[in-house]
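One-letter residues, chain by chain:
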Amino acid sequence: FEDLGVEEQIEELLEARVSLPGGGAITIETTEAMTTVDVDTGGVRGPDRNANALAVNLEAAAEAARQVRLRGIGGLIVVDFVRLDESGQRREVIEALKLALAEDPSPTRIGSMDDFDLVAFTRKRSRQGLAASMLERCDACNATGWRLSADAAAAEAYRLAEFEARSGGSGAVTVTVAPDVAEAMNRGDADVAAFANRVGREIAVAADARAGRDDVDVVIE
């Protein structure tokens, strides 16, 4: 697999964003209810916006069909194409998607493009999807795809440290967090000096490269 580049291709199939040959991209996100494919023109630039949109949409139609086939995605799939002004171009994109889906061994059913340039189609699930077989729910973000910013994590660390300082011993406080959170704790309004003044004791902020964004360790001497 390594010699033939299969490992690299598998890793690419686990990525949400897929680049298109002409410079655009699609982003694939799967929820319990459906899979969405968002089409983005990316770096495609030119004097004719509608022509650019059509070119990206045609590539996206072929790639979206290919990706759901390779990833084993089933159920309802909704593709959010780049806006097109001409009905003929919309039909052209639909035909391109139908042609690409015709290569899929799993039965598919495609709808029409609505006024918002959304196209929905269904694909019969014949096997477990690639993501479901190789990935698991993220403990850090609870599979939301989001996490606290460094500033928000710094504020949370200060709140936890203050709670521990007011309910624990009377010695100095050491707070160990991820490096970017430690950096955020040392700047802005909620800085070390303000915290020390508020709780009436010394505080030291330590950075641990192994700590996650949400990890906070408070030690009171």
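Summary of the structure given here. Residue indices follow the written sequence of each chain, beginning from 1 at its first position. In view of the model being predicted, local features appear only for residues whose pLDDT reaches at least 70, and side-chain atom pairs are presented and counted only at 80 or more, with totals across whole chains, interfaces and linings using the full set of residues. Side-chain calculation: all heavy atoms of the structure are included, whereas hydrogens and water are not.

Focus on the overall build of the chain
Phase 1 of the analysis: Helices and strands together make up the secondary structure of the chain, namely seven helices and nine strands.
Phase 2 of the analysis: As defined in this context, the radius of gyration uses C-alpha atoms, and a globule is described by 2.2 Å times the residue total to the power 0.38. In terms of C-alpha radius of gyration, the chain reaches 25 Å, well past the compact-globule figure of 17 Å for 221 residues.
Phase 3 of the analysis: For the chain, the spread of C-alpha atoms along the principal axes amounts to about 75 × 40 × 35 Å.
Phase 4 of the analysis: In the chain, which comprises 221 residues, the share counted as buried stands at 35%.
Phase 5 of the analysis: Excluding contacts between residues fewer than 6 apart, the proportion of contacts in the chain whose partners are at least 24 apart in sequence is 69%.
Phase 6 of the analysis: Of the roughly 13,200 Å² of accessible surface on the chain, a fraction of 50% belongs to carbon and sulfur atoms.
Phase 7 of the analysis: For the purpose of counting charges, residues Lys and Arg are taken to be positive, whereas Asp and Glu are taken to be negative. His and the chain ends are not included. Charge placement uses NZ in Lys and CZ in Arg. For Asp and Glu, CG and CD serve respectively. The centroid of the 24 positive side-chain charges in the chain is displaced by 6 Å from the centroid of its 40 negative side-chain charges. Helix and strand labels come from DSSP, where a helix needs a run of H or I of at least four residues and a strand needs a run of E of at least two; each type is numbered from the N terminus. Buried means the residue's accessible area, taken with a 1.4 Å probe over protein chains only, is under 20% of the maximum for its type, while exposed means over 50%, and partly exposed covers the values in between. Residue contacts are defined here by distance: any two heavy atoms, one from each residue, within 4.5 Å place the two residues in contact. Note on areas: these come from Shrake-Rupley sampling with a 1.4 Å probe, and a residue is covered only by the protein chains present in the view.

Some thoughts on the layout of surface pockets
Phase 1 of the analysis: Taken as a whole, the largest pocket holds about 1,100 Å³ of empty space.
Phase 2 of the analysis: Using only the protein atoms, space was sampled on a 1 Å grid; points where a 1.4 Å probe fits but cannot get out form cavities, open sets with protein on both sides within 12 Å along at least five of seven lines form pockets, and lining residues are those with an atom within 4 Å of a point. Forming the walls of the largest pocket are 33 residues, and the residues nearest its centre are Glu29, Thr30, Thr31, Ala131 and Leu135.
Phase 3 of the analysis: Put simply, the parts of the chain that give the lining of the largest pocket at least two residues each are β2 (25-30), β4 (75-80) and α4 (130-134).
Phase 4 of the analysis: Here the nonpolar group is Ala, Val, Leu, Ile, Met, Phe, Trp, Tyr, Cys and Pro; Asp, Glu, Lys and Arg are the charged ones; every other residue, Gly included, is treated as polar. Taken together, the residues of the lining of the largest pocket break down into 16 nonpolar, 10 polar and seven charged. Grid points are joined across faces, edges and corners, and a volume is the space filled by probe spheres set on the points.

So far we have only geometry, and geometry alone does not tell us how the molecule works.
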